[in-house]
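Coordinates in review
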Amino acid sequence: MSGAVEKLIAAEVGGQFVVEQGAVTLSTTLGTVLRNDPERAALLVVNTGATIARLTWERPGGASVSIPIAANGGSLSLNWRDDLVLPTYELLGDVGVGTTTLLTLSVRRVNA
């Protein structure tokens, strides 16, 4: 750990962190966007596709229990300070029609 921000984070929450990037394609079937992870301190999900994504923490999902993420750059950002434990929970998603792709970034503690 060498940067000032990394040192501040380590002092605040303890331990070193890594940023993990991924991509997930959603369809009309509810699927996992990010798995449950008690070490995840923050996350960013960006909808890079052309279809509105629906994100939820509940099964079976659906429009009435989801957060809509706009197409072509809509995003969801969560962190432990503002959102308490929400970044650690499994995040699920689907679309109403077709498919869309999500870019995911997770900030995870790797040691205490």
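Summarised in this report is the structure supplied together with it.

Structural notes on the pairing of strand S4 (residues 53-56)
- With three bridges joining them, S4 and strand S5 (residues 67-69) adopt antiparallel strand pairing. Bridged to Leu55 within S5 is Ile67.
- Sheet analysis places S4 next to strand S7 (residues 91-95), joined by four bridges and oriented antiparallel. What sits directly across from Leu55, in S7, is Gly93.

What to know about the side chain of Asp37
- Note on placement: Asp37 falls in the loop between strand S2 (31-34) and strand S3 (40-47).
- In this structure the side chain of Asp37 is engaged in a polar contact, spanning 2.9 Å, whose partner is the backbone nitrogen of Glu39.
- Among all residues touching Asp37, those that are not within four sequence positions of it are Thr88 and Arg108.

Remarks on unusual backbone geometry
- In this structure, Pro60 follows Arg59 across a cis peptide bond, with omega equal to 15°.
- Note on placement: Pro60 falls in the loop between S4 and S5.
- Of note, Asn72 is a non-glycine position whose phi angle comes to about 55°, a positive value.
- Notably, Leu84 is not glycine yet its phi reads approximately 55°, a positive angle.
- Position of Leu84 among the secondary structure elements: in the loop between helix H2 (80-83) and S7.
- Relative accessible area serves as the criterion here: at 65%, Leu84 is assigned to the exposed category.

Considering the sheet that holds S7
- Here we have four strands laid out as an open sheet, ordered S2-S7-S4-S5, and antiparallel in their pairing. Looking along the sheet, the strands with just one partner apiece sit at the ends: S2 and S5. Neighbouring strand axes in the sheet, compared pairwise and without regard to direction, differ in orientation by 40° on average.

Focus: the sheet that holds strand S6 (residues 75-79)
- Pairing within the open sheet is antiparallel, and its four strands lie in the order S1-S8-S3-S6. Two strands bound the open sheet, and with one partner strand each, they are strand S1 (16-26) and S6. Taken over all neighbouring pairs, the strand axes of this sheet differ in orientation by 15° on average, direction set aside.
- Both S1 and strand S8 (residues 100-111) contribute to a ladder of eleven bridges, which runs antiparallel. Looking at the pairing, Val24 lines up with Leu102 of S8.

Considering the nonpolar core
- Judged by nonpolar contacts, the single largest core of 14 residues is most densely connected at Leu26, Val33, Val45, Leu55, Leu91 and Leu102.
- For this core, the secondary structure elements donating two or more residues are S1, S2, S3, S4, S6 and S7.
- Not counting chain neighbours up to four residues away, the residues in contact with Leu26 comprise Val33, Ala53, Leu55, Gly93, Asp94, Val95, Gly98, Thr99, Thr100 and Leu102.

Cut-offs applied
One numbering rule holds for all chains: residues counted from 1, following each sequence as written. For this predicted model, a pLDDT threshold of at least 70 governs which residues receive local features, and a threshold of 80 or more governs which side-chain atom pairs are given and counted, while totals over whole chains, interfaces and linings are taken from all residues. Neither water nor hydrogens contribute to the side-chain values; these are computed over all heavy atoms in the structure. When DSSP finds two or more bridges between two strands, those strands count as paired. Under the scheme used here, helices are H or I runs from DSSP no shorter than 4 residues and strands are E runs no shorter than 2 residues, and both carry numbers assigned from the N terminus. Polar contacts, as used here, are pairs of N or O atoms within 3.5 Å; protein pairs need one atom able to donate a hydrogen and one able to accept it. Residues neighboring in sequence count only if both atoms are side-chain atoms. Whether two residues touch is decided by their heavy atoms; if any such pair falls within 4.5 Å, the residues are in contact. Categorising residues by exposure relies on relative accessible area from a 1.4 Å probe, with only protein chains included: less than 20% of the type maximum marks a residue as buried, more than 50% marks it as exposed, and the intermediate range marks it as partly exposed. Here the axes come from fitting lines to C-alpha atoms, over the contacting stretch only for helices, and the angles between their N-to-C directions go from 0 to 180 degrees. We call a set of buried residues a nonpolar core when its members are Ala, Val, Leu, Ile, Met, Phe, Trp, Tyr or Cys and they connect through side-chain atoms within 4.5 Å of each other.

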